[in-house]
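What follows is the residue order along each chain.
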Amino acid sequence: MRNSPRQLALDVLDRLQRSGELLDPIVEEVMAGAPFADSRDRALFHTLVYGTLRWRGRLDWIIGHFSKTPLKKIDPAVINILRLGLFQVVFLDRIPVSAAVNTSVQLAKASAPSWVAGFVNALLRNAAKNWKQVPLPDPKRFPDRYLAVYGSFPAWMVRRWISRFGFEEAKCLCSAVNQIPPIT
């Protein structure tokens, strides 16, 4: 599991959070030293890193909904494991839920105390079944908070877009920015 795309993606996310380095140099360094078996592993690595970062706000919202422990009190490495697993469950339809959960549990076992693996397993299994029922903030009462979670953008940026373009246009902008451009 040491050189799996998931482990390498976790290493990048942890290093990014810990060090304050820029993302691209970290990814380039990992890519230079990573013996990916084939192009699918490389593609999965990139999808996990960039997708987890792109959707971090929404992933944290869902994790916060299912966790009895506040996010601020969970070890950052464990949150990154949860984010990776949940990203696969929510956004990657070609990866079975069982594979996403099981590999996340294996990552937790390899890097944290044994009870953490149980926490990761329980939270991800519960989230896998019920994430679609997680309510977003009320868009009428809290339009900025709603768009921050919906589009996974910083609240300050969403407030600026709402003030400049209005709610509906800001929502469209969030969707457009999150679209992965097609390869041509």
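Residues numbered from 1 in each chain as written. Predicted model: local features only at pLDDT ≥ 70, side-chain atom pairs only at ≥ 80, totals over all residues. Heavy atoms only, no water.

(A) How the structure looks around the overall build of the protein chain. Looking only at helices and strands, the protein chain has 10 helices and zero strands in total. Put simply, the protein chain runs from its N terminus to its C terminus through helices and strands in the order α-α-α-α-α-α-α-α-α-α. Relative to the 2.2 N^0.38 estimate, which gives 16 Å for 184 residues, the radius of gyration of the protein chain is 17 Å and therefore close to what a compact globule would have. Judged by the C-alpha coordinates and their principal axes, the protein chain covers about 45 × 40 × 30 Å. A burial count over the protein chain gives 41% of its 184 residues as buried. Considering only contacts in the protein chain between residues 6 or more positions apart, those separated by 24 or more positions represent 60%. Separation of charge centres in the protein chain, based on 25 positive and 15 negative side chains, amounts to 7 Å. (Helix = DSSP H or I, 4+ residues; strand = E, 2+ residues; numbered from the N terminus. Rg over C-alpha atoms; globule rule 2.2 N^0.38 Å. Buried < 20%, exposed > 50% of the residue type's maximum accessible area, 1.4 Å probe, protein only. Contact = heavy atoms within 4.5 Å. Lys, Arg positive; Asp, Glu negative; His and termini not counted. Charge placed at Lys NZ, Arg CZ, Asp CG, Glu CD.)

(B) View of the side chain of Q88. Here Q88 is to be found in helix α5 (residues 76-91). Polar contacts involving the side chain of Q88 include one to the side chain of R6, which spans 2.9 Å. Setting aside residues up to four positions removed in sequence, Q88 forms contacts with R6, L48, I95, A100 and T103. (Polar contact = N/O pair within 3.5 Å; in protein donor to acceptor, adjacent residues only side chain to side chain.)

(C) Broad picture of the packing of helix α8 (residues 143-151) against helix α9 (residues 155-165). At a closest axis distance of 9 Å, the pairing of α8 and α9 adopts a crossing angle of 120 degrees. Relative to α9, α8 is oriented oblique. Between α8 and α9 lies a crossing of right-handed hand. Where α8 abuts α9, its residues P143, D144, L147 and A148 lie against A155, V158, R159 and I162. Split by residue class, the contact of α8 with α9 holds six nonpolar, no polar and two charged. (Axes fitted to C-alpha atoms, helices over the stretch in contact; angles between N-to-C directions. Parallel < 35°, antiparallel > 145°, perpendicular 65-115°, else oblique. Left-handed = near helix turned anticlockwise from the far one by under 90°. Nonpolar A, V, L, I, M, F, W, Y, C, P; charged D, E, K, R; others polar.)

(D) Structural view of helix α2 (residues 23-33). Within α2 the residues assigned to the buried category are L23, I26, V27 and V30. The arc that holds the buried residues of α2, viewed along the axis, is 95 degrees, so those residues lie on one side. Turned more than 90 degrees off the buried face of α2, the exposed positions are E28, A32 and G33. The secondary structure elements touched by the buried residues of α2 are α1 (5-19) and α3 (39-54). (Arc of directions from axis to C-beta.)

(E) How the structure looks around the pattern of salt bridges. Counting across every chain of the model gives six salt bridges. Two residues, R40 and D38, come together in a salt bridge whose shortest N-O distance is 2.9 Å. Judged by relative accessible area, D38 falls into the partly exposed class, the value being 26%. Across the pair R159 and D144 runs a salt bridge, and its minimum N-O distance is 3.2 Å. Note that R159 is positioned in helix α9 and D144 in helix α8, a separation of 15 residues in sequence. Classification of R159 as partly exposed rests on a relative accessible area of 43%. Taking the relative accessible area as the measure of exposure, D144 reaches 22% and is therefore partly exposed. Ionic contacts of the salt-bridge type, sharing partners, join the residues R15, E21 and E29 into one network. (Salt bridge = Lys/Arg side-chain N within 4 Å of Asp/Glu carboxyl O.)

(F) Looking closely at unusual backbone geometry. Located in the positive-phi region is S152, a residue other than glycine, with phi close to 60 degrees. Residue class for S152 comes out buried when judged on its relative accessible area of 13%.

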